[in-house]
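If you want the building blocks of each chain, they are given just below.
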Amino acid sequence: MPEYWDPEIETMPVAELRKLQEAKLREIVHYVYENSPFYRNRFDEHGVSPDDIRTLEDVRKLPFTFKQDLRDTYPTGMFCVPNSKLVRFHASSGTSGKPTVVGYTEKDIDNWAESLARALTSIGVGKEDVLQVSYGYGLFTGGLGAHYAAEKVGATVLPTSSGNTEKQIELMKDLGSTVIACTPSYFAYMIEAAREQGVSIKDDTKMKAGVFGAEPWSPELRERIEKESGIKAYDIYGTSEMSGPLFTECREQRGIHIWADMYLVEILDPETGEPVPDGETGELVITTLAKEALPLIRYRVKDLTRKTEETCKCGRTHPRIMRITGRTDDMLIIRGINVFPGQVESVLLKIPEVGNHFMMIVDRVGELDTIKVQIEMHESAFSDRMSDMMSLEKKVAGALKSVLNLAVRVELVEHGSLPRSMGKSKKVIDNRKL
Ligand code: DLL
């Protein structure tokens, strides 16, 4: 099994990699300026010309772009190629207003698969593997993204898409899936559904790894997934605007490798737009260095993470970002206190009696914000005794209070009554916005 997909690129000395990035950055700013009226106007308004961009630091002279720009220019106003050069569209559902449309040239599709092929190789996925793709196929990028990359590395693809969980588990067992790609919440549900079907993923299947992403998940959920299913759970990251799922952790599980020959990463203070020191949390901002149809210049992804430039133990020299801890726009402010759903998940899953699914419900009563967290009891801790149930509610409320500094009502609900998700899960109902 090869250790690297493209050893020359993946282990390129940092100084050389930087030079390569610089050359590509210079190229892409000229390319977008010449091929997209949108970018030309944005650069002109900002008083910057492609010739002003020479070094990597010069990226800071460039204007930002936002999801709103994609919406404002719906459907294809930011594209840099004519329709005849496009080979595919994807679109993100967009909870409000128009969806965001992403277009790909043949080269874009190939680079996307290349990026994820490097990533899959870094976790040991190859020709011997059967990769079950349980991300949705369709406009969402998860299914087809994982599919093309798995084929590229020579794995056998089992394109189950999401849903039809009972059949998924049967096929996983009968066709010998060794790796699965889906959201972490869907896999948590699969473990439980398998158990109800009399299948233990640990003992009755050949599963060894999963690539889980498309939604935030805590280290505690990773621990539970690994313990309950006996597989290694890797983080996979990307967004539709960047192409789709692109990057994963390697076997070290110490951050997600971002391929620097294709993507330039900045981590900025979301308020000021200034860089934060390496290792500090800020907003991810991406400049694509190789995309043709829809290049992104300083795109404000809104995901919060940290970056390290240190060469990984695996020998790859490209920068890594750490687990996404939240988004600048998924932070709840409750009675003046900032709360990220990821923080709540971390607290809950540290308590062994709490099940793997939860829901946060935020309300406003009069002038006061209230927060309630619904939990189920973990199957391994099941109890019918009222006193046990009440003491668990109390324990959870205490743990949440000590971390969030906020009084939270905890409600233990019947096993199986919280929604199970087969794709991106919804963990917050904010009735204040209704
Ligand atoms: O979710 C692409 C993808 C598919 C990634 C499959 C990984 C696996 P979008 O639908 O555009 O694209 O949503 C992108 O999802 O900005 C993050 O907020 C969130 N997200 C994606 N991966 C992770 C992750 C796909 N590993 C948005 N951890 C991003 C936390 C993630 N959040």
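Within each chain, residues carry numbers counting from 1 in the order of the written sequence. Totals for whole chains, interfaces and linings use every residue, but because this is a predicted model, local features are given only for residues with pLDDT of at least 70 and side-chain atom pairs only at 80 or more, for both listing and counting. For the side-chain quantities, the full set of heavy atoms in the structure was used; hydrogens and water were omitted.

**Student:** Any chance you could break down the site of the ligand for me, citing the residues and the numbers?
**Tutor:** Neighbouring residues of the ligand: 20 residues in total, closest Asp-235, Ile-236, Ser-240, Asp-303 and Lys-424. At a separation of 2.8 Å, a nitrogen atom of the ligand approaches a polar side-chain atom of Asp-235. When the ligand is considered free in solution it has 610 Å² of accessible area, and contact with the protein chains removes 92% of it. Comment: elements are numbered from the N terminus, with helices defined as DSSP H or I runs of at least four residues and strands as E runs of at least two. Those elements that place two or more of their residues in the shell around the ligand are helix H6 (141-152) and strand S7 (232-239). For this description, a residue counts as near a given molecule or strand if any of its non-hydrogen atoms is within 4 Å of it. Side-chain atoms alone can form a polar contact between residues adjacent in sequence; in general such a contact is a pair of N or O atoms within 3.5 Å, and within protein one must be able to donate a hydrogen while the other accepts it. For every accessible area listed, the method is Shrake-Rupley and the probe measures 1.4 Å; residues are considered covered only by the protein chains on display.

**Student:** Can you explain empty space enclosed by the protein? Please cite residues and give values.
**Tutor:** Here a cavity means grid points, on a 1 Å grid over the protein atoms only, where a 1.4 Å probe fits yet cannot get out; a pocket means an open set of points with protein on both sides within 12 Å along at least five of seven lines; lining residues are those with an atom within 4 Å of a point. Grid points are joined across faces, edges and corners, and a volume is the space filled by probe spheres set on the points. Evaluation of the coordinates by the stated rule reveals two cavities of 30 Å³ or more. Together, 14 residues line the largest cavity, and Glu-192, Gly-355, Asn-356, His-378 and Glu-379 are the ones closest to its centre. Every element with two or more residues in the lining of the largest cavity is listed here: helix H8 (184-196), strand S18 (354-365) and strand S19 (368-377). The biggest single contributor to the lining of the largest cavity is H8, with four residues. Note that Gly is not counted as nonpolar here; it falls among the polar residues with everything else outside the nonpolar set of Ala, Val, Leu, Ile, Met, Phe, Trp, Tyr, Cys and Pro and the charged set of Asp, Glu, Lys and Arg. Of the residues belonging to the lining of the largest cavity, the class tally is three nonpolar, five polar and six charged. Where each domain starts and ends comes from a domain assignment, either automatic or drawn from a database. Looking at the lining of the largest cavity, you find at least three residues from each of domain 1 (1-329) and domain 2 (332-430). Around the second largest cavity sit Asp-108, Asn-111, Trp-112, Ser-243, Met-262, Tyr-263, Ala-290 and Lys-291, which together line it. The element best represented in the lining of the second largest cavity is helix H5 (residues 106-122), accounting for three residues. Its residues assigned to classes, the lining of the second largest cavity shows four nonpolar, two polar and two charged.

**Student:** Could you give me a rundown of the domain arrangement of the chain, with the residues and numbers involved?
**Tutor:** Domains assigned within the chain are domain 1 (1-329) and domain 2 (332-430). Taken over C-alpha atoms, the centre of domain 1 sits 30 Å from the centre of domain 2. Overall, the association of domain 1 and domain 2 removes approximately 1800 Å² of surface from exposure, summing both partners, and the carbon and sulfur fraction of that is 47%. Buried area counts how much accessible surface, traced with a 1.4 Å probe, disappears from two parts once they are put together, with both parts' losses summed. Interface area lost by domain 1 to domain 2 is led by Glu-192, Glu-220 and Arg-224, which between them contribute 31%. Definition used for salt bridges: Asp or Glu carboxyl oxygen within 4 Å of a side-chain nitrogen of Lys or Arg. The interface formed by domain 1 and domain 2 contains three salt bridges. The closest approach of N and O atoms between Glu-192 and Arg-420, which form a salt bridge, is 2.8 Å. Mapped onto the side of domain 1 that touches domain 2, the elements with two or more residues apiece are H8, helix H10 (219-229) and strand S15 (326-327).

**Student:** Which residues make up the packing of aromatic side chains, and what values go with them?
**Tutor:** Classification of ring pairs uses Phe, Tyr and Trp, with its six-membered ring standing for Trp, and accepts pairs whose centres are within 6.5 Å; under 30 degrees between planes counts as stacked, over 60 as edge-to-face, and the remaining range as tilted. Applying the stated rule across the entire model yields 10 aromatic pairs. An angle of 35° between the planes, with centres 6.0 Å apart, marks the rings of Tyr-33 and Phe-43 as tilted. Of the two residues, Tyr-33 sits in helix H2 (residues 14-35) while Phe-43 sits in helix H3 (residues 37-46), which places them 10 residues apart along the sequence. Note on accessibility: Tyr-33 and Phe-43 belong to one class, buried. Put simply, the rings of Tyr-33, Phe-38, Tyr-39 and Phe-43 touch in pairs and so form one group of aromatic residues. Seen from the ring of Tyr-148, Arg-88 lies directly overhead, with NZ or CZ sitting 4.8 Å from the centre. Only when the NZ of Lys or the CZ of Arg is both within 6 Å of the ring centre and within 35 degrees of the ring normal is a charge said to sit over the ring. Sitting over the face of the ring of Trp-217, Arg-323 holds its NZ or CZ atom 4.8 Å from the ring centroid. A 1.4 Å probe rolled over the protein chains alone gives each residue an accessible area, and that area as a share of the maximum for its type sets the label: buried under 20%, exposed over 50%, partly exposed in between.

**Student:** Can you lay out the environment of Asn-356 for me, pointing to particular residues and giving the numbers?
**Tutor:** Inspection of the secondary structure puts Asn-356 in strand S18. Counting along the chain gives 19 residues from Asn-356 to Ile-375, while the straight-line C-alpha distance between them is 8.4 Å. A distance of 2.7 Å separates the side chain of Asn-356 from the side chain of Arg-224, its partner in a polar contact. Of the polar contacts made by the side chain of Asn-356, one reaches the side chain of Glu-228; its length is 3.3 Å.

**Student:** An account of helix H11 (residues 341-349) is needed here, citing residue identities and associated values.
**Tutor:** Of all nine residues that make up H11, seven are buried, and the element is covered over most of its length. All of the buried residues in H11 are Pro-341, Val-344, Glu-345, Ser-346, Val-347, Leu-348 and Leu-349. Only heavy atoms matter for contacts: two residues are in contact if any of them lie within 4.5 Å across the pair. Packed against the buried residues of H11 are H10, strand S17 (337-339), S18, S19, helix H12 (386-404) and strand S21 (428-430).

**Student:** Tell me about the pattern of salt bridges, residues and numbers included.
**Tutor:** Within this structure, the stated rule accounts for 31 salt bridges. In this structure, Lys-307 engages Asp-278 in a salt bridge whose closest nitrogen and oxygen atoms are separated by 3.4 Å. With a gap of 29 residues between them, Lys-307 in strand S13 (residues 307-308) and Asp-278 in the loop between strand S10 (263-268) and strand S11 (282-288) connect regions that are remote in the sequence. For Lys-307, a relative accessible area of 13% puts it in the buried group.

**Student:** Give me the sheet that holds S11: which residues, what numbers.
**Tutor:** Any two strands with at least two DSSP-identified bridges between them are counted as paired. Reading across from one edge, S10-S11-S12-S15 is the order of the four strands in this open sheet, with antiparallel pairing throughout. Across the chains shown, the open sheet's two edge strands, defined by having one partner strand only, are S10 and S15. Here strand S12 (residues 299-305) pairs with S15 via two bridges, running antiparallel. For Leu-304, the partnering residue across the bridge sits in S15 and is Gly-326.

**Student:** Residue-level account of the pairing of S11, with values.
**Tutor:** The side chains of a regular strand alternate, first on one face of the sheet and then on the other. Burial analysis of S11 places seven of its seven residues in the buried class, which makes it a mostly covered element. Note: S11 against S12, four bridges, orientation antiparallel. If you follow Glu-283 over to S12, its bridge partner there is Leu-304.

**Student:** Tell me about the state of the cysteines, and name the residues and values.
**Tutor:** In this description, a disulfide is simply a cysteine sulfur pair whose atoms lie within 2.5 Å. Applying the stated rule across the entire model yields zero disulfides. With no disulfide of its own, Cys-314 has Cys-312 as its nearest cysteine by sulfur position, at a separation of 3.6 Å. The exposure class assigned to Cys-314 is buried, which follows from its relative accessible area of 12%.

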